[in-house]
Amino acid sequence: MGLFTKAIRRSKSSENLEENHDAPGWLKMLQDNSWELEILISGGAIFSLLQLSGFTVDFFYQLSYTNYFVGRNLLFMFAMLAIKGLTLGFAIHIVIRSFWVSLIALSSMFAESPGGKKLKYAKPFRADNESKLSDFIVRVDKLAAWMMYNSLTIVWIIGGGMLLMFTLFGLAILIEKILPRGSSILVLVPLALYYLDLFTFSSLRKVKGISYLVYPFFILFDLITLRFIYQKGFDFIAQHVSRWKVLSYYSVFVFSSILFTYLSIFRIMHWPNFFDDRQHRFSLTQTEEYYSEFLYRNKTEDGRSHFASIQSDIISDPVVNLFINYSVVYDQHIDKIENEKDRYFENIWQVSVDDSIYTGLRYYTIHGNNSTTMGINTYIDVGNFKQGSHVLTLMNIYEDANSKRKKLSIPFWLDKEEDQ
């Protein structure tokens, strides 16, 4: 098959080869046989990226408990966008390349000759008896090669954009400390101009006068965004492909990557599901308490990894075992305790069951099986409560009133023998 594809490519692009007669022999050989490497790379990349996606989610989940820095969620979204964009690109590439291989197999069944049977359709349909299968094979081959290049280019663009955004974000913080409030918005102007230039094929660099104005920070941005890596490929595409086709492709691809990323992380980020058409999904019950399996350790594999949890949703013991996970976000609340001697994680919480507030609870330090899980544990006496449904409420005394972390409600059923 390699010899056949080599013959097709050279027979259909002899003019290009004559123009590029100075291309090295090894490069021509790779051009004629690159499809084998492409399929191997795409298949391996898809498998690896699926594993990397899960690792990235776990890594940032653990990072949310152990470290806090501005832009952490933004970094997570950029990383997932790059992974999902790359996965999508390789998946589309391997589909197109597989279709190309199937066309090669089809063409090997019969010899393509001008004396073949002519197709006839009734009007208004028109049969295409002019173009050849080999012409279509060449077009599909070029499309697959383009997809291979674009899959990796998107990652460089996203990665470089992430570096630039964090650089400008740090600059904005510095400007806010020196200049009047609101001056940091000025950093958005060169950012907008830079990406306008990128997605319009270096249009600002071609305008006399303006090129001198944008030159100082464009050169710096080129270095930060790694543009020097993919610029040559951009220029090559601009010379051979219609700009409208390129712009249309990147618009559809970026939108698809964003959609793919959203579907992958909207639950993790607690975003609404825009594709859920159920109108009353936010008014299922009159109570404000939500039932979640993560609130009960017997229903989760990782046990004490959630914000707070009890042993089960059905309690047959006279006590409730409450665990509260320690996260870096609580450091600011611990520091709000006036008496320095009382600055302990346990002292920012108020625990109640129904309308009974518990004071004087004894807490124990817990270190889990991994370095992330760390927190406190206490036992709450519910022996005097009647059998039935109850709600344990955990309130952060020092959290802002409008914060979602202010209060957590954990419903449970107390199962006990009634007094005779």
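Structure: above.
Residues numbered from 1 in each chain as written. Predicted model: local features only at pLDDT ≥ 70, side-chain atom pairs only at ≥ 80, totals over all residues. Heavy atoms only, no water.

Engineer: Quick question: what am I supposed to make of a nonpolar patch on the surface here?
Structural biologist: Together, Leu152, Trp156, Leu223, Phe228 and Ile229 line one region of the surface with nonpolar side chains, adding up to about 500 Å² of accessible area. Those elements giving two or more residues to the nonpolar patch turn out to be helix H5 (133-178) and helix H8 (227-240). Position of Leu152 relative to the elements: it lies in helix H5. We classify Leu152 as partly exposed; its relative accessible area is 41%. (Patch = residues over 30% accessible without salt bridge, like charges linked within 9 Å, V, L, I, M, F, W, Y side chains within 5 Å. Areas by Shrake-Rupley, 256 points an atom, 1.4 Å probe, with all protein chains shown as cover. Salt bridge = Lys/Arg side-chain N within 4 Å of Asp/Glu carboxyl O. Helix = DSSP H or I, 4+ residues; strand = E, 2+ residues; numbered from the N terminus. Buried < 20%, exposed > 50% of the residue type's maximum accessible area, 1.4 Å probe, protein only.)

Engineer: In this structure, what is going on with the sheet that holds strand E5 (residues 356-358)? I would like to understand it.
Structural biologist: Sheet strands line up and pair through hydrogen bonds in the backbone, either parallel or antiparallel. Read from one edge of the open sheet, five strands run E2-E9-E8-E4-E5, paired in mixed fashion. Pairing within the sheet leaves two strands with one partner each, and these edge strands are strand E2 (314-315) and E5. With two bridges connecting them, E2 and strand E9 (residues 407-414) associate as parallel partners. When the sheet's bridge partners are listed, Ile315 is paired in E9 with Leu414. (Pairing = 2+ DSSP bridges.)

Engineer: Help me understand the packing of aromatic side chains in this model?
Structural biologist: A ring pair, where both rings are aromatic, is described by two values, the distance of the centres and the angle of the planes. All told, the structure shown has 26 aromatic pairs when counted by the stated rule. Here the aromatic rings of Phe217 and Phe218 are separated by 5.1 Å at their centres, their planes lie at 80°, and the arrangement is edge-to-face. Classification of Phe218 by relative accessible area gives buried; the value is 2%. Judged by centre distance (5.3 Å) and plane angle (25°), the ring pair of Tyr262 and Phe266 falls under stacked. For the residue pair Tyr262 and Phe266, the accessibility class agrees, reading buried in each case. One aromatic cluster is present, built from ring pairs that chain together Trp146, Tyr230, Phe234, Tyr249, Tyr250 and Phe253. Residue placement shows Lys84 over the ring face of Phe260; its charged tip is 5.2 Å from the ring centre. A cation over an aromatic ring shows up here: Arg97 above the ring of Trp100, its NZ or CZ 4.6 Å from the ring centre. (Phe/Tyr/Trp six-rings, centres within 6.5 Å; stacked < 30°, edge-to-face > 60°. Lys NZ or Arg CZ within 6 Å of the ring centre and 35° of its normal.)

Engineer: Looking at this structure, how should I read the sheet that holds strand E1 (residues 308-310)?
Structural biologist: Here four strands make up an open sheet; going across it, the order is E1-E3-E7-E6 and the pairing antiparallel. Edge strands, defined here as strands with exactly one partner in the open sheet, are E1 and strand E6 (363-367). Looking at each pair of strands side by side, their axes are set apart by 25° on average, direction ignored. (Axes fitted to C-alpha atoms, helices over the stretch in contact; angles between N-to-C directions.)

Engineer: Would you take a moment to explain unusual backbone geometry for this structure?
Structural biologist: As a rule of thumb, non-glycine residues mostly have phi less than zero, and peptide bonds are mostly trans rather than cis. Note the cis peptide between Lys123 and Pro124, where omega equals 10°. Positive phi is not limited to glycine here, since Leu226 has a value of about 60°. Relative to the helices and strands, Leu226 resides in the loop between helix H7 (210-224) and H8. Not every positive phi belongs to a glycine, and Asp354 is a case in point at roughly 55°.

Engineer: Explain the pairing of strand E4 (residues 349-353) here, please?
Structural biologist: Regular strands show a simple pattern: their side chains alternate between the two faces of the sheet. Among the five residues that make up E4, four are buried, leaving the element largely enclosed by the rest of the structure. Where E4 lies against strand E8 (residues 388-396), five bridges are found, and the strand directions are antiparallel. Counted as the bridge partner of Val351 is Leu394 from E8. Bridge count for E4 against E5 is three bridges, and the pairing is antiparallel. Directly across from Ser352, in E5, lies its bridge partner Ile357. Connecting the antiparallel pair E4 and E5 is a turn made up of two residues, with Asp354 showing a positive phi of about 55°.

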